[in-house]
Amino acid sequence: MEHCDAAFKEAVLLKCYDALEAEGFTRYRKQDVDWPMGHGFHCWVGLNTGLEKEHLDINPFVGVHVVPIEKLWTKEKAGKYPGKYSRSHATYAVHMGELTPKGQVFRFTRQTDVAAEAARLARLYADVGLSYALSIGAYELLLPLLRDRVPMLGAYPERVASCLYLMGHKDEARSFVEEFLKEHRDYFEGFAVPFLRMLND
């Protein structure tokens, strides 16, 4: 039996991105799509893969990419852990399996009807995924979700501060950054110092 290899993985992913594009998603790179929702919010699509000899698994993630939040924190973050803006990074995302039992894992073997399974994946994003992204597609809806992930670090504190700033809550953003900096100076200083300077300008 022919094994699943890197070429098989790429062929499957391209079929998936073709199917997502056919459902109305914007193809902005060969292996990247999203759905612009307005006001800088995009429905974010993440196809995480696991390649084995007998199969390729695709774990679907969905969420939002918020251009103003991502551009703000990546512009301000310097030092040991600098930021770099990328449209392909999620501001916030969850595994599709949290939203629907049909969204667990998509398994592709050499026997799979790849076009049909890719179409099923794309329909899931167009239906469940886009609905979820729209349901969190505003700063006030996104903020509590970002706050919940602050202990994970991973740019979530930066995103909370940026979200507060963009909502016009500058005093709250300042106090959040000052408090978080006390506990996590090594991680946070590269963002906090320029961000606080910007607030004071």
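An account of the accompanying structure is given in this report. (Residues numbered from 1 in each chain as written. Predicted model: local features only at pLDDT ≥ 70, side-chain atom pairs only at ≥ 80, totals over all residues. Heavy atoms only, no water.)

Between two aromatic rings, the relevant description is the distance of the centres plus the angle of the planes. Evaluated as defined, the whole model comprises 10 aromatic pairs. Between Tyr81 and Tyr187 the ring centres are 6.2 Å apart and the planes differ by 35 degrees, which places this aromatic pair in the tilted class. Taken together, the positions of Tyr81 in the loop between helix 2 (67–76) and strand 5 (92–95) and Tyr187 in helix 7 (residues 185–200) put the pair 106 residues apart, joining distant regions of the chain. For Tyr81, a relative accessible area of 37% corresponds to the partly exposed category. Each residue in the set Tyr81, Tyr165, Phe176, Phe180, Tyr187, Phe188, Phe191 and Phe195 is aromatic and connected to the rest through ring pairs, giving one cluster. Above the ring of Tyr85, the side-chain terminus of Lys71 is found at 5.2 Å from the ring centroid. In this structure, Lys77 packs its charged tip against the face of Tyr187, placed 4.0 Å from the ring centre. (Phe/Tyr/Trp six-rings, centres within 6.5 Å; stacked < 30°, edge-to-face > 60°. Helix = DSSP H or I, 4+ residues; strand = E, 2+ residues; numbered from the N terminus. Buried < 20%, exposed > 50% of the residue type's maximum accessible area, 1.4 Å probe, protein only. Lys NZ or Arg CZ within 6 Å of the ring centre and 35° of its normal.)

We now examine the pattern of salt bridges. A pair can form between side chains of opposite charge whenever their charged atoms are brought close. Taken as a whole and judged by the stated rule, the model has 16 salt bridges. With a closest N to O distance of 2.9 Å, Arg87 and Asp34 form a salt bridge. Highlighted residues: Arg87 in the loop between helix 2 and strand 5 and Asp34 in strand 2 (residues 32–38), separated in sequence by 53 residues. Relative accessible area serves as the criterion here: at 24%, Arg87 is assigned to the partly exposed category. A salt bridge links Glu117 to Arg120, with the nearest nitrogen and oxygen atoms 2.8 Å apart. Pair noted here: Glu117 and Arg120 are both in helix 3 (residues 114–135), with a separation of three residues, about one helical turn. (Salt bridge = Lys/Arg side-chain N within 4 Å of Asp/Glu carboxyl O.)

Glancing now at the side chain of Ser86. Mapped onto the elements of the fold, Ser86 is located in the loop between helix 2 and strand 5. Separated by 2.8 Å, the side chains of Ser86 and Ser88 make a polar contact. (Polar contact = N/O pair within 3.5 Å; in protein donor to acceptor, adjacent residues only side chain to side chain.)

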